[in-house]
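These are the residues of each chain, in order.
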Amino acid sequence: MKQRTPVFVNILIIIGLLIVFYYLFVQSYTFLGSPYFWGTVVIAGILAFIHSAIGDLIENNKFKRLSQEEKAAYLAEKRIPYFKRLYDAAFKKQTASEEKDILIDHGFDGIMELDNQLPKWWVGLFYFGTAFCILYVAAYSFTDFAHPISEYEIEYKEQIASIAEYEKNQPPVTIETAKYSADNIADGKELFKTNCASCHGEDGRGGIGPNLTDNYWINQPEKTLFKNVFHMDWNGSPNNPAMRPFGKNGEVSGAEIEKIAAYVYHINQEQPPITPAQGGAAPQGTEAHWEKE
């Protein structure tokens, strides 16, 4: 008669499976503080004890039908701790007589094959993997668990919300507070393409508007190049209505103009100018003598 698994081991296995099941569908560990989860654990524990009690009754009836020798062997095995029995079963080695009983009656090149049972730990892992696979497929099919698009949308909304909250609590960027930062160049380039490239070209070489890569400027209301670009983008040009006040009109924010100004500063001061021979617009205005930032 086989020894049964102790009820506390069954309860631990049930709790582990419940945690896996809940996480697959809830997608976080917040359920650990939920009374529904712990209610499920309590109910599962009660059912495990009921199952164990029924098993004890069946085991007692079977025990009564054993011979004296079988009863003695059963009781001797039962006195061995459960985990030691589990270890011995997982790494059991057959005696010569046991190997003879499980020897398969065919061989090859003098090598014989034994009809060994798979180790219990291997069988347990196999059944656990099968159950987990079924739960995972069900969660993937009927919930948002592990869907990269859903996860991306959630993270994107969280990031947009955090950016909005940050901007809400930050004072608006003005020409007095705006500062050049190389970290703004990449974002400024994208904003420049959206708002400025139609007149000045994507790389600032000019076209309808003047060339922003050379050192000649029509309007020079500020002493530094960065502040000058911010001023023009915010207030517009008094000489050319096509250069409208993007900032005052609310088309771009002060923070966005700060990034655009960083990009213009970059292509004007940190890169060589695009000359007319290279496709750039001819110089307009007067030569500027900017103060250093």
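Nothing here was measured: the structure is a model prediction, and the numbers come from that model.

Conventions we followed
- Residues numbered from 1 in each chain as written.
- Predicted model: local features only at pLDDT ≥ 70, side-chain atom pairs only at ≥ 80, totals over all residues.
- Heavy atoms only, no water.
- Helix = DSSP H or I, 4+ residues; strand = E, 2+ residues; numbered from the N terminus.
- Rg over C-alpha atoms; globule rule 2.2 N^0.38 Å.
- Buried < 20%, exposed > 50% of the residue type's maximum accessible area, 1.4 Å probe, protein only.
- Areas by Shrake-Rupley, 256 points an atom, 1.4 Å probe, with all protein chains shown as cover.
- Lys, Arg positive; Asp, Glu negative; His and termini not counted.
- Charge placed at Lys NZ, Arg CZ, Asp CG, Glu CD.
- Salt bridge = Lys/Arg side-chain N within 4 Å of Asp/Glu carboxyl O.
- Expected span 1.5 Å × (residues − 1).
- Contact = heavy atoms within 4.5 Å.
- Polar contact = N/O pair within 3.5 Å; in protein donor to acceptor, adjacent residues only side chain to side chain.
- UniProt positions renumbered as here; feature names shortened; annotations may be inferred.
- pLDDT = per-residue confidence, 0-100.
- Core = buried A, V, L, I, M, F, W, Y, C linked by side-chain atoms within 4.5 Å.

**Student:** Would you mind going over the overall build of the chain in detail, with residue names and values included?
**Tutor:** Assigned secondary structure in the chain consists of 11 helices and 4 strands. For the chain, the C-alpha radius of gyration of 39 Å lies well beyond 19 Å, the compact-globule estimate for 293 residues. The buried share of the chain, reckoned over its 293 residues, is 27%. With an accessible surface of roughly 20,400 Å², the chain has 61% of that area assigned to carbon and sulfur atoms. In the chain, 26 side chains carry a positive charge and 36 a negative one; their mean positions are 12 Å apart.

**Student:** So what's going on with the pattern of salt bridges? Residues and values would help.
**Tutor:** According to the stated counting rule, one finds 6 salt bridges in the structure shown. Ionic pairing is found between Asp-56 and Arg-4, a salt bridge with its closest N-O pair at 2.8 Å. Here Asp-56 is found in helix 2 (residues 35-64), whereas its partner Arg-4 is found in the segment before helix 1 (7-26), with 52 residues between them in sequence. We classify Asp-56 as partly exposed; its relative accessible area is 34%. Between Glu-251 and Arg-244 there is a salt bridge, with its nearest N and O atoms 2.9 Å apart.

**Student:** Account for helix 2, naming residues and giving values.
**Tutor:** At 3.6 residues per turn, the α-helix brings residues three or four places apart onto the same side. Look at helix 2: 44 Å from first C-alpha to last across 30 residues, which is about the 44 Å you get at 1.5 Å a residue. For helix 2, the full list of buried residues reads Phe-37, Val-41, Ala-44, Gly-45, Ala-48, Ser-52, Gly-55 and Glu-59. Where helix 2 is buried, its residues meet helix 1 and helix 3 (68-78). For helix 2, the N-terminal capping position is held by Ser-34, with its side-chain oxygen 3.2 Å away from the main-chain nitrogen of Tyr-36.

**Student:** Explain the UniProt feature "transmembrane region" (unreviewed entry) in the chain residue by residue, including any values.
**Tutor:** In the UniProt entry, the feature "transmembrane region" (unreviewed entry) is given for residues 7-25, 37-58 and 121-142. Across residues 121-142, helical content stands at 100% and strand content at 0%; the span's end C-alpha atoms are separated by 31 Å.

**Student:** Lay out the confidence of the model for the chain with the relevant residues and their values.
**Tutor:** The pLDDT averaged across the chain works out to 87; a share of 93% of its residues lies at or above 70. The least confident element of the chain is helix 5 (residues 96-101), whose mean pLDDT is 66; the most confident is helix 10 (residues 225-235), at 96.

**Student:** An account of the UniProt feature "domain: Cytochrome c" (unreviewed entry) in the chain is requested, with residue identities and associated values reported.
**Tutor:** Feature annotation in UniProt assigns "domain: Cytochrome c" (unreviewed entry) to the following positions: residues 183-268. For residues 183-268, the end-to-end C-alpha separation is 16 Å, with 48% helix and 2% strand making up the annotated structure.

**Student:** Would you mind going over the nonpolar core in detail, with residue names and values included?
**Tutor:** Ranked by size, the top nonpolar core spans 25 residues in total, and within it Phe-192, Trp-217 and Val-264 carry the most contacts. In terms of residue count, helix 11 (residues 254-269) provides more of this core than any other element does, 8 residues in total. Once you skip the residues sitting within four places of it in the chain, Phe-192 turns out to touch Ala-197, His-200, Gly-201, Glu-202, Gly-204, Leu-212, Ile-260, Tyr-263 and Val-264. If you look at the next biggest cluster of nonpolar residues, it comprises 6 residues, including Leu-18, Tyr-22, Phe-37 and Ala-44.

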